[in-house]
There are 2 protein chains.
Amino acid sequence: MYSSSKLISVKEAGEKISKYMKVIEDKEVVATVDAFERVCAEDVYSPMDNPPFNRSEVDGFAVRTAEFKTHGGQSTTTLDIGGTVEIGITTPAEFGENTCVRISTGSIVPKGYDAVFKIEDVTVKGNKVIFKGKPPKFSNIALAGSDVLKDDLIIRQYSKITEKEMGALAVLGIEKITVFRKVRIGIISSGNELIMPGNELQPGQTYEGNAAVLRTILGKYHFFNTVFYGIVPDSEEDTRNILEKAFSENDVVITTGGSSAGEKDYIGRIAASYNPGVIFHGIDMKPGKPTFFALNGKKILIGLPGFPLSSYIAFTQIFLYKLLGMAHVQPILTETDVQLAMGISARKGGTNFIPVVLYIYDSIYAFPIDGESGSISRLLRSDAIGEVVAKSDRLFPGDTVTITTIEGEQDFLWAVFVGLTDPLMDTIFSISGNPVSMYRTSIEDGMRCLEEGYAPLMGIMVKAGRKPPFKNKDKYSFFKIFSSETGLVFRNGDPIISDDFDHKNEIVVGIPGNGIYPQESIEKCIESIPSAARPPGFSTVDYGDLRSIALAVRSGDISIGLGNRHTASKYNLGFKPVYRETYYVVVTREQKQEFIDTMKKAYQNGALKVLKEKYGSYEIHDDVFLPK
Amino acid sequence: MYSSSKLISVKEAGEKISKYMKVIEDKEVVATVDAFERVCAEDVYSPMDNPPFNRSEVDGFAVRTAEFKTHGGQSTTTLDIGGTVEIGITTPAEFGENTCVRISTGSIVPKGYDAVFKIEDVTVKGNKVIFKGKPPKFSNIALAGSDVLKDDLIIRQYSKITEKEMGALAVLGIEKITVFRKVRIGIISSGNELIMPGNELQPGQTYEGNAAVLRTILGKYHFFNTVFYGIVPDSEEDTRNILEKAFSENDVVITTGGSSAGEKDYIGRIAASYNPGVIFHGIDMKPGKPTFFALNGKKILIGLPGFPLSSYIAFTQIFLYKLLGMAHVQPILTETDVQLAMGISARKGGTNFIPVVLYIYDSIYAFPIDGESGSISRLLRSDAIGEVVAKSDRLFPGDTVTITTIEGEQDFLWAVFVGLTDPLMDTIFSISGNPVSMYRTSIEDGMRCLEEGYAPLMGIMVKAGRKPPFKNKDKYSFFKIFSSETGLVFRNGDPIISDDFDHKNEIVVGIPGNGIYPQESIEKCIESIPSAARPPGFSTVDYGDLRSIALAVRSGDISIGLGNRHTASKYNLGFKPVYRETYYVVVTREQKQEFIDTMKKAYQNGALKVLKEKYGSYEIHDDVFLPK
């Protein structure tokens, strides 16, 4: 039962609430179109490659680079227009030799064609097109899967679905998504004097305003489901009944009114009859003192005062952030200290929440709005709520009060991971619950980023037995993650790697580009193609990673490329091992402990089992999960 | 027609858009429950006093202070419990002499009772209550109208309805509100290759993602009404028809795709056929270059590129802020400079919008996400969009890019007005379209606030012929607003001001409290009550302003008080003029020009006519509106 002698502090109240308000772990599947601002309950992987086909990036003409003269940048090539690929056409016709094909942005680049010229860079003469120079292979083509590969992690568990995710889910054709179910919140307004707007006010009556405010605030969040149970009269029996109904349908029930020290404190009495019952009743704050918090089994009961300002302040300053937490949303709170422009009476020793008018000129000045807790104009006029623990029963001009605002949500990750990223690392970080942003760079750029402090984590592949080639080794820690055999992937049955393969054209080898792999390793693999040393020799094409190479080999864009057992088996290709290598994660001194803790968490959450299932061909270095 | 040689800068594009995108001035009446986040189209005045009756602020006992002994703070008074006022009871019974009445928080204080003791401060013995000391008149009572007076301005035109307004509208029983109608926006997605998610993807096809993103972004705002017209195939006739339908139903039509330099630039051709037609086609930016902006009569056509990243960037960085403006919403944009951690190719001389991954540690580092404009992963992975005009065709690590975020909306007013506030000033500022926050203070506090720089405007009433009593007169400007007669208000026919009125009890005089009026003026008025000088004399009760005094006199809480012709006539009371006074606005040097401009705007908007109608008994000093 409420007594002003048993108040707890705002801080204690917050701790107790956090202890009992648990996040909702239940999941539900919703249509993607309805998923906006819901919290993703599972990692979402792409069901398709994007683009799903080799797509022209420009309006112009598709060509076969093998049909171009190789000598001199100023040489010209003239080709007949073999036809047109209309955009949206699902199966382009086949076109004859020495032809180019009219193509528009977004169209399929027809089979065999491996570069596109922009229309403004060519000369069209009747049915012929004159091209200048020989284009690089795949220029102006977005290769299938170059944006997103099938099975890429696209949305992490616990992310909120923003417009960006809505766009990605649409483009990848994902119609349904698993999210945490909404937090169900019931609101009951209590008081014989209350009537709903729309009825004529009789003397002694007051229009209901608290539920209007609470419903509006909660209604802003797509992850709350709010039901208003109306006004319940001041009767213990009626209140007990409506509470029972509300508890059966919600996770949290909020009452307003009926909780102060008067003879009508029946909500406090009802709460006391629950098990475990009242957790606290009365907070050392002004206004909002008679606020209470109770548990009915695992269901939460929040008792707000009946006066509008008290109810608003207790709800927004004490409970709202915790309700967001139940929905897996962590608000970023920003605290701004401002100076009072006027004095105001205060609750000595307690927390004072003061509605203020702000004047922002050379500094921010806060004018406290005095008045009764029953006031709606105090709330209406306020620009913000200032918070201060008062040392005496009065605050003076120049005293500091703190304004807390929700600045956004915790959506930055704790680190950027540079160098060679790998889906396996994504899996580990995701399982740990402490994900990082993956940002692939060359070895050189990655080392520079670590050196400059731009990023704290880097992935790097080195030949087995070697150490990553860092200069200031004492500034970093090196963690071995896995070892694997690297070599060549090719279509099963393709004679390309037989010793006696007689190749008429250049062998085009897909390699990991942009300096993400050691040059020496790439050379070693190319040297192991028996015919690469013979005329007409070989050329290389850069890809983003080994998976993209495997996809290009499977689709027939290229015949051979670098890979490992994992990509070979995933894309159903032949594999010839060439050498053994080890994948390291390099961590700066500053983030070493965070990384170790993250690996431990991943281990506790069963990462090792998942990795062994998903990456069976890798030799996982188990001890990284339990570093000393 | 789009040509990459006729690009305009991002700045120019913004200016042209601002020139043609006009705010929607049409209004509509909506139910208050549906008004959340809509923009108020008219000043809203309170239809009632709040509280509507004298309301107990505590649980306890209501008493009549006249029945209390006056000598000594420790004296006790014992009263019988005459009965109980139940909360919500509309007409409390009448109670006998020398009784107190049991009362709860929120209940009507019965007629004649003029103070409430808290239950914890009294001793109840059977049917008697023992009280200590004599309470101040009206202690623990929220007087009728003390929070909001009927006809008080409660929501200004152009304010957005937040939860606070929702609460106030509910409590004041306001069921309907006039808001600006929604900005109607139609979205058309164009491209033969596009299909909606839910259909099976055929080779060459792409799932529609742009409209999904646009609809989600626009859907966040309650003042937009968005209709998606689906995917239109690449046909000029189909496109023309769907555009015609969309224009007939919307203020703005957004197309995605079909706007680049290819042979399929039919949307550009259609736009060119409108009158006045294309305003610009092509912005010197990357990505999003082929963006266009056209007018079909007064209807707006926004042409976004078809690639997801280009479309997103053109929309959010170029058009979104302007669409908010159409809805009378001015976003506060915050620009943060961050450092690139990696280099990236750039458009030389043009504006580069770069999706970046942010790493926040000792500083903020931005990792640019490279790739094609067709990418959805670039958008998905980005934490923000960095903006920079590149001096060369490459940006380097350490280069600065700017991130712009919507921090909130312009909801602070340009000034706080202290001292004696007056509804007439609210009217003037409101008509000017440049409202200020009204914050009533004593003369002393107001002068201190101006001196300290806490506030730039102050209202003060001085005796006619005098000047406001400021020390550093050269720091301020003084503007005479109106003059009026101040005196006494009383119920018509009440003999209280007759010379021969024989008063048995103290005369209770309502005065403006808290030092808002000069003490000398108050004394002058009291002296003019003939019998005030005779035993048993008089006592005073403080009120917030003259209107509250008039309301208290009308309701019978007090018999007489300070007032003027305006409050007397508004509350249908008798009036006895005592002296003449002038209302000044004092303005600091820094804000003098802003104040003058505001007065001019008020004048241009017809303030003088409104004031003469509403405040007929005031002598308005017209020249304040046209100061030299």
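Below: a short report on this structure. On a predicted model such as this, the values are computed, not experimentally measured, just so you know.

1. Some points on the overall build of chain A
Phase 1: Along the backbone of chain A there are 14 helices and 37 strands.
Phase 2: Its C-alpha atoms give chain A a radius of gyration of 33 Å, clearly above 25 Å, the size a compact globule of 628 residues would have.
Phase 3: In terms of its C-alpha atoms, chain A occupies a principal-axis envelope of roughly 100 × 65 × 55 Å.
Phase 4: Burial status across chain A gives 59% buried among its 628 residues.
Phase 5: For chain A, long-range pairs separated by at least 24 residues make up 74% of all intrachain contacts whose partners lie at least 6 apart in sequence.
Phase 6: A total of about 25500 Å² of accessible surface is found on chain A, and carbon and sulfur atoms cover 47% of it.
Phase 7: Separation of charge centres in chain A, based on 70 positive and 78 negative side chains, amounts to 4 Å.

2. Re the packing of helix α3 (residues 210-219) of chain A against helix α6 (residues 308-326) of chain A
For any two helices packed against each other, the geometry comes down to the angle between their axes and how far apart the axes lie.
Residues and elements named next belong to chain A.
Phase 1: Close contact between α3 and α6 brings their axes to 10 Å; oriented N to C, the two are set at 25°. Regarding the angle of α3 to α6, the classification is roughly parallel. Crossing of α3 against α6: the hand is right-handed. Across the interface between the two elements, N210, V213, L214, I217 and L218 from α3 touch P308, S311, Y312, F315, T316, L320 and L323 from α6.
Phase 2: Each residue belonging to the contact of α3 with α6 can be placed in one class, and the counts come to 9 nonpolar, 3 polar and no charged.

3. Some remarks on helix α6 (residues 308-326) of chain B
Residues and elements named next belong to chain B.
Phase 1: Look at α6: 25 Å from first C-alpha to last across 19 residues, which is about the 27 Å you get at 1.5 Å a residue.
Phase 2: Considering bend angle alone, the principal kink of α6 is centred on F319 and spans about 50°.
Phase 3: Within two residues after α6, H328 carries a phi angle of roughly 70°, on the positive side.

4. What to know about the interface of chain B and chain A
Phase 1: Listed by partner, the interface residues are 105 residues for chain B and 105 residues for chain A.
Phase 2: The contact between chain B and chain A buries some 8700 Å² in all, and 62% of this surface belongs to carbon and sulfur atoms.
Phase 3: Together, K164, Y439 and Y454 of chain B form the three largest contributors to the area buried by chain B at its contact with chain A, with a combined 9%.
Phase 4: Where chain B touches chain A, the interface holds 2 salt bridges.
Phase 5: The shortest N-O distance in the salt bridge between K220 of chain B and E163 of chain A comes to 3.1 Å.
Phase 6: A total of 8 residues in the side of chain B that touches chain A trace back to one element, the largest contributor, which is helix α2 (residues 163-171) of chain B.
Phase 7: The class makeup of the residues in the side of chain B that touches chain A is 52 nonpolar, 28 polar and 25 charged.

5. Notes on the packing of helix α1 (residues 10-20) of chain A against α6 of chain A
All names here are of chain A.
Phase 1: It is at 10 Å that the axes of α1 and α6 come closest, and there the two elements cross at 25°. Here α6 runs roughly parallel to α1, going by the angle between their axes. Considering the relative orientation of α1 and α6, their crossing is right-handed. The residues of α6 that touch α1, namely those facing V10, G14, I17 and S18, are I318, F319 and K322.
Phase 2: Its residues placed into classes, the contact of α1 with α6 shows 4 nonpolar, 2 polar and 1 charged.

Calculation criteria
- Position numbers for residues count from 1 along each chain, tracking the sequence in the order it is written.
- As they are written, the chains are lettered A onward and the ligands numbered 1 onward, keeping that order.
- For a predicted model such as this one, the threshold for reporting local features is a pLDDT of at least 70, and the threshold for listing and counting side-chain atom pairs is 80 or more; totals across whole chains, interfaces and linings nevertheless cover every residue.
- Excluding hydrogens and water, the side-chain values take into account all heavy atoms of the structure.
- Under the scheme used here, helices are H or I runs from DSSP no shorter than 4 residues and strands are E runs no shorter than 2 residues, and both carry numbers assigned from the N terminus.
- Note on method: radius of gyration uses C-alpha positions; expected globular size equals 2.2 Å times residues raised to 0.38.
- Accessible area is worked out with a 1.4 Å probe on protein chains only. A residue is then buried under 20% of its type maximum, exposed over 50%, and partly exposed in between.
- Residues are treated as being in contact if the distance between any of their heavy atoms lies within 4.5 Å.
- To measure how exposed things are, a 1.4 Å probe is used in the Shrake-Rupley method; for residues, cover is taken only from the protein chains shown.
- Here Asp and Glu are counted as negative and Lys and Arg as positive; His is not counted, and neither are the chain ends.
- In plain terms, the charge of a residue is placed at NZ if it is Lys, CZ if Arg, CG if Asp and CD if Glu.
- Here the axes come from fitting lines to C-alpha atoms, over the contacting stretch only for helices, and the angles between their N-to-C directions go from 0 to 180 degrees.
- Oblique is the label for any angle not under 35 degrees, not over 145, and not in the 65 to 115 range, which are roughly parallel, roughly antiparallel and roughly perpendicular in turn.
- For a crossing to be left-handed, the near helix must be turned anticlockwise from the far one by less than a right angle; the clockwise case is right-handed.
- As a working rule, the residues Ala, Val, Leu, Ile, Met, Phe, Trp, Tyr, Cys and Pro are called nonpolar, Asp, Glu, Lys and Arg charged, and the rest polar, with Gly in that last group.
- Here, expected helix span is obtained from the residue count minus one, scaled by 1.5 Å.
- In this scheme, the bend at a residue equals the angle between the axes fitted to the seven residues that finish there and the seven that begin there.
- Throughout, buried area stands for the accessible area (probe radius 1.4 Å) lost by two parts on being put together, summed over both.
- One side-chain nitrogen of Lys or Arg within 4 Å of one carboxyl oxygen of Asp or Glu is enough to make a salt bridge.

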